[in-house]
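The lines below spell out each chain.
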Amino acid sequence: MESKIRGNALNKFPNGKQFCFASESQGTRLASHWKTRVGARAFSGDEGSLLRDRPMDTVRVAVVGAGVIGLATAMCISQQVPRCSVTVISDKFTPDTTSDVAAGILIPHAYQDIPVQTQKQWFRETFDHLSAIARSPEAVDAGVHLVSGWQIFQSVPTREVPVWADVVLGFRKMTEAELKRFPQHVFGQAFTTLKCETSAYLSWLENRIKASGSLLLTRRIEDLWELQPAFDVVVNCSGLGSRQLAGDPAISPVRGQVLQVRAPWVKHFIRDGSGLTYIYPGVSHVTLGGTRQEGDWSLSPDAEISRGILSRCCALEPSLHRACDIKEKVGLRPGRPSVRLQKELLVRGGQRLPVVHNYGHGSGGVSVHWGSALEATRLVSECVQDLRTPAPASKL
Ligand SMILES: Cc1cc2nc3c(=O)[nH]c(=O)nc-3n(C[C@H](O)[C@H](O)[C@H](O)COP(=O)(O)OP(=O)(O)OC[C@H]3O[C@@H](n4cnc5c(N)ncnc54)[C@H](O)[C@@H]3O)c2cc1C
């Protein structure tokens, strides 16, 4: 196990000071003592001096996890919390995270214990954030674009007009003429939403985070307490890793297998209301899905499942028989009845470490990532405020 700094050869801290380090591709290893040591003294090497080289009132924030939730949260914190330094620490970065496998369509997934209006707000904030990117010159680099299409149902759903209908664009019920394309389906919704090609988006986020002066470190964390006292606040965005890091048995894998194919003539998305069959056209490929296998940890593609996905998608869009360059992808969704977005104060031996948890986004993390990151950032601001507020003097 080792830690490496990812990024440009030249970067800046929020205090404006510049520092240099060799790029990861040169294989430079920094602070190899991280392998075995914990705490502030573990930062006594080059990396340690970088992290210490800061004004006294700078709060050091570590974000654990570099999926869409961790990177978005790191970016929000660096934009919105004054006088703090942000370090993203993760054992995997793009293209090796679950977020890289996501189809990346913005259609919300319902979370059991979170008020519907909160979920809608997260979705709206994410939609607005990605919409702004989609209509900027950054759209191609960030892999974000509008996509129109249909969500179709074999029986009429309880809610014909979902709660998020006024967030997406041009929501309406499908016409009879449109439904004729899908003889097995009796009802449908037509709308325009956003599609996020997640590998491109994660790279784009990484670049923005580095440009803001934050650090990205490759390292596996065994226990959040390892980060004390080198960091003042820890944000846990480790997805499925929270089973260990937060000791949370409520989080478990929901395996998803998809195909990425070349079929540039497919322009509309088609999603079966069950969420199990979908066709999402993107910039470089069309994503065909999918599966939702609870408790399954296997990351190996299953050929039988791939054949089933292709056959179900071809039934909805027969032109896909001509799709080529088929790639199989598997990801483990961080399944939990609800997202955990809350503060926790870890205390050991009289030392304290404020932690903000932001994990458990299951099947819908891309759809709510920015709203969820904004809320986590508000919680981090509260922790920072507490740290900057001097403890009342004893009257004794
Ligand atoms: C097939 C599939 C299709 C999907 N399609 C969509 C979709 O269309 N729309 C949508 O909204 N959502 C979709 N999702 C869901 C979405 O992918 C997830 O909700 C989202 O990626 C979760 O992001 P995350 O950052 O929490 O987790 P991850 O991407 O898993 O990131 C977790 C990070 O934590 C790091 N980590 C974990 N443990 C440790 C540790 N001990 N030490 C250091 N680092 C650690 C990991 O390396 C990783 O970087 C899909 C998922 C799958 C699998």
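About the criteria used
- Residues numbered from 1 in each chain as written.
- Predicted model: local features only at pLDDT ≥ 70, side-chain atom pairs only at ≥ 80, totals over all residues.
- Heavy atoms only, no water.
- Core = buried A, V, L, I, M, F, W, Y, C linked by side-chain atoms within 4.5 Å.
- Buried < 20%, exposed > 50% of the residue type's maximum accessible area, 1.4 Å probe, protein only.
- Domains from an automatic or database assignment.
- Contact = heavy atoms within 4.5 Å.
- Near = heavy atom within 4 Å.
- Polar contact = N/O pair within 3.5 Å; in protein donor to acceptor, adjacent residues only side chain to side chain.
- Areas by Shrake-Rupley, 256 points an atom, 1.4 Å probe, with all protein chains shown as cover.
- Helix = DSSP H or I, 4+ residues; strand = E, 2+ residues; numbered from the N terminus.
- Nonpolar A, V, L, I, M, F, W, Y, C, P; charged D, E, K, R; others polar.
- Phe/Tyr/Trp six-rings, centres within 6.5 Å; stacked < 30°, edge-to-face > 60°.
- pLDDT = per-residue confidence, 0-100.
- Pairing = 2+ DSSP bridges.

### Observations concerning the nonpolar core
- With 66 residues, the main nonpolar core has Val61, Val63, Ile77, Val88 and Tyr201 as its most contacted residues.
- Looking at this core, you find at least three residues from each of domain 1 (5-25 + 145-197 + 252-335) and domain 2 (35-99 + 199-250 + 339-388).
- Those residues in contact with Val88, other than ones at most four positions away along the chain, are Val63, Gly65, Ala66, Leu71, Ala74, Phe93, Ile209, Leu215, Leu216 and Leu217.
- One finds Met174, Ala190, Val286 and Leu316 within the second-largest nonpolar core, a separate group that totals 21 residues.

### A word on the site of the ligand
- Near the ligand there are 38 residues, and of these Asp91, Ser99, Ile221, Gly362 and Ser367 occur at the shortest range.
- Thr98 has a polar side-chain atom sitting 3.2 Å from an oxygen atom of the ligand.
- For the ligand, an oxygen atom lies 2.7 Å from a polar atom in the backbone of Gly362.
- Out of a free accessible area of 1000 Å², the ligand has 95% covered by protein chains.
- Mapped by element, the contributors of at least two residues to the shell around the ligand are helix H2 (68-80), helix H3 (98-101), strand E11 (252-262), strand E16 (324-335) and helix H10 (365-388).
- Along the lines of polarity and charge, the residues of the shell around the ligand split into 15 nonpolar, 18 polar and 5 charged.
- The residue makeup of the shell around the ligand includes at least three contributed by each of domain 1 (5-25 + 145-197 + 252-335) and domain 2 (35-99 + 199-250 + 339-388).

### Concerning the packing of aromatic side chains
- The tally for this structure, following the rule as stated, stands at 11 aromatic pairs.
- Here the aromatic cluster, defined as three or more aromatic residues joined through ring pairs, consists of Phe123, Phe127, Trp164, Phe171, Phe191, Phe269, Tyr278 and Tyr280.

### Digging into the environment of Ile305
- Counting through the fold element by element, Ile305 comes out in helix H9 (residues 303-316).
- Along the backbone, Ile305 and Val258 are 47 residues apart, and their C-alpha atoms lie at a distance of 9.0 Å.
- Residues in contact with Ile305, not counting those within four places in the same chain, are Arg255, Gln257, Thr291 and Gln293.

### Let's talk about the side chain of Gln260
- Mapped onto the elements, Gln260 comes out in strand E11.
- In this structure Gln260 comes out as buried when scored by relative accessible area, which is 12%.
- Discounting residues that sit within four places of it in the chain, Gln260 has contacts with His285, Val286, Thr287, Asp325, Ile326, Lys327 and Lys329.

### Quick word on the confidence of the model for the protein chain
- Summing up the model confidence of the protein chain, the mean pLDDT is 88 and the portion of residues at 70 or higher is 85%.
- Low pLDDT, under 50, characterises residues 8-51; the stretch is placed with 90 contacts to residues that sit more than four places away or in other chains.

### Digging into unusual backbone geometry
- With an omega dihedral of 10 degrees, the bond running from Thr94 to Pro95 counts as a cis peptide bond.
- You can see Pro95 is positioned in the loop between strand E5 (84-90) and H3.
- With omega at 5 degrees, the peptide bond leading from Gln228 into Pro229 counts as cis.
- Here Pro229 is to be found in the loop between strand E9 (215-218) and strand E10 (233-236).
- Phi angles above zero are rare outside glycine, and Arg83 is one such case at about 55 degrees.

### Observations concerning the pairing of strand E6 (residues 144-153)
- E6 sits mainly inside the fold: 8 of its 10 residues count as buried.
- Bridging between E6 and strand E12 (residues 269-272) involves 4 bridges; their strand directions are parallel. Note that in E12 the partner of Trp150 across the bridge is Ile270.

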